[in-house]
Amino acid sequence: MINDIQQEILRLKKEKDICILAHCYQTPEILEVADFVGDSFALSVEASKVSNKTVIMCGVRFMAETVKILSPDKKVILSNESAGCPMAEMMTKEMIEKVKAENPDYAVVAYINTTSELKTVCDVCVTSSSALKICKSIDNDNILFIPDKNLGSWIAKQIPEKNFKLLDGCCPVHNLMTKETVENAKREHPSAEFLVHPECPAEVVEMADYVGSTTGIMDYAKKSDKKEFIIGTENSIVTHLQLQCPDKMFYQLSKDLICRDMKATTLVDVLNCCKGTFGQVIELDEETYKGAKKCIDEMIRLG
């Protein structure tokens, strides 16, 4: 049954000139029909390079908005309308405008996990893999980093010569992790290396053998000569690594590391998107598009 649905998706995307993007947190059966799999911004860049006129983003809304910003002439469809991102939606444009007014000498750095509207009042975007380099490169020693206090804290510790202002934003899933969570996992798997995403709290990140983005974690595990790993990010990555590296052992840091928004998309949703009967077409007004693009363009300029 799954294979039949996949074959129909492959037929339809070829017939209708569709490119399918799938974030790493999607399920294996969705990854298998995708043209590109990876982190959110990397997927947006790939979409901008293809000739397809329609792009389906199997991820969450801010990711689909980023695709639209980089490919304004393409029809961009979010695979499931209910797939939002609590962290991206945690802060509003009006809130940050107020904080900016109170801190006029601070450069506003926005994690890519933000809405396109919020990006319009920020100076530059960053991804988890580019945040350190870009924050170092900014010609300002005062940085207001939004929305993720955990990623911001990790970056701030590596650039002590700069002043960071952090607000109370986070990924609700990654933020659940504690030092005790890690201690329990290490006790159960004493030979395993601990690989963690910087969206986790500082006390968790400090205990890691490797800290990096989702694809960074996966690349590290694949290339390492070690055989056991505790994975400190969304649990789908454990599944993907187990399938890609069956000679190694991968363990969940916690059974609670599940992003329900990422799991909102099903294989049938993707099929119905290809049929044109499901999903949400992403539209951005001119002001939002230009403001958000300026923020992203500055990220590209700085590296």
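Above this text sits the structure in question.
My aim in this report is to walk through the structure given alongside it, one point at a time. Since this is a predicted model, take the numbers as computed values, not measurements.

1. Looking at the side chain of Thr 233
Phase 1 of the analysis: Looking at the element boundaries, Thr 233 is found in the loop between β11 (228–232) and α12 (236–244).
Phase 2 of the analysis: Here the side chain of Thr 233 touches Tyr 25 through a polar contact of 2.9 Å, side chain to side chain.
Phase 3 of the analysis: Setting aside residues up to four positions removed in sequence, Thr 233 forms contacts with Tyr 25, His 174, His 197, Ile 217 and Leu 257.

2. Observations regarding helix α11 (residues 214–223)
Phase 1 of the analysis: For α11, the complete set of buried residues consists of Thr 214, Gly 216, Ile 217, Met 218 and Ala 221.
Phase 2 of the analysis: If you follow the buried residues of α11, they end up packed against β9 (193–196), β10 (210–211), β11, α12 and β12 (249–252).

3. Structural notes on the sheet that holds strand β4 (residues 75–78)
Phase 1 of the analysis: Pairing within the open sheet is mixed, and its five strands lie in the order β2-β1-β3-β4-β13. Each edge of the sheet is formed by a strand with only one pairing partner; in this case those strands are β2 (36–38) and β13 (280–281).
Phase 2 of the analysis: Examined bridge by bridge, strand β1 (residues 18–23) and strand β3 (residues 54–58) share five bridges and lie parallel to one another. Considered in β3, the bridge of Leu 21 is made with Met 57.

4. A word on the pattern of salt bridges
Phase 1 of the analysis: Tallying each qualifying case throughout the model produces twelve salt bridges.
Phase 2 of the analysis: Notably, a salt bridge pairs Lys 13 with Asp 35, separated by 3.0 Å at the nearest N-O pair. One end of the pair, Lys 13, is in helix α1 (residues 2–15); the other, Asp 35, is in the loop between α2 (28–31) and β2, with 22 residues separating them in the sequence.
Phase 3 of the analysis: Here Lys 13 falls in the buried class, since its relative accessible area comes to 11%.
Phase 4 of the analysis: Ionic pairing is found between Asp 247 and Lys 227, a salt bridge with its closest N-O pair at 3.3 Å.

5. Focus on a negative patch on the surface
Phase 1 of the analysis: Together, Glu 94, Glu 97, Glu 117, Asp 285 and Glu 287 line one region of the surface with negative charge.
Phase 2 of the analysis: Looking at the element boundaries, Glu 287 is found in helix α14 (residues 286–302).

6. Concerning the environment of Val 99
Phase 1 of the analysis: Assignment of secondary structure puts Val 99 in helix α5 (residues 93–102).
Phase 2 of the analysis: Discounting residues that sit within four places of it in the chain, Val 99 has contacts with Leu 144, Lys 165 and Leu 167.

7. Considerations on the packing of aromatic side chains
Think of a pair of aromatic rings as described by two things: how far the centres are apart, and how the planes are tilted against each other in angle.
Phase 1 of the analysis: Taken as a whole and judged by the stated rule, the model has two aromatic pairs.
Phase 2 of the analysis: Each ring, one from Tyr 210 and one from Tyr 220, has its centre 4.7 Å from the other, and the planes form 20°; the classification is stacked. Placement of Tyr 210 in strand β10 and of Tyr 220 in helix α11 is noted, with a sequence separation of ten residues between them.
Phase 3 of the analysis: Classification of Tyr 210 as partly exposed rests on a relative accessible area of 24%.
Phase 4 of the analysis: Ring centres 5.4 Å apart and planes at 15° place the aromatic pair Phe 229 and Phe 250 in the stacked group. Here Phe 250 lies in strand β12 and Phe 229 lies in strand β11, a separation of 21 residues in the sequence. There is no split in this pair, since Phe 229 and Phe 250 are both buried.

So, how was this worked out
Residues numbered from 1 in each chain as written. Predicted model: local features only at pLDDT ≥ 70, side-chain atom pairs only at ≥ 80, totals over all residues. Heavy atoms only, no water. Helix = DSSP H or I, 4+ residues; strand = E, 2+ residues; numbered from the N terminus. Polar contact = N/O pair within 3.5 Å; in protein donor to acceptor, adjacent residues only side chain to side chain. Contact = heavy atoms within 4.5 Å. Buried < 20%, exposed > 50% of the residue type's maximum accessible area, 1.4 Å probe, protein only. Pairing = 2+ DSSP bridges. Salt bridge = Lys/Arg side-chain N within 4 Å of Asp/Glu carboxyl O. Patch = residues over 30% accessible without salt bridge, like charges linked within 9 Å, V, L, I, M, F, W, Y side chains within 5 Å. Areas by Shrake-Rupley, 256 points an atom, 1.4 Å probe, with all protein chains shown as cover. Lys, Arg positive; Asp, Glu negative; His and termini not counted. Charge placed at Lys NZ, Arg CZ, Asp CG, Glu CD. Phe/Tyr/Trp six-rings, centres within 6.5 Å; stacked < 30°, edge-to-face > 60°.

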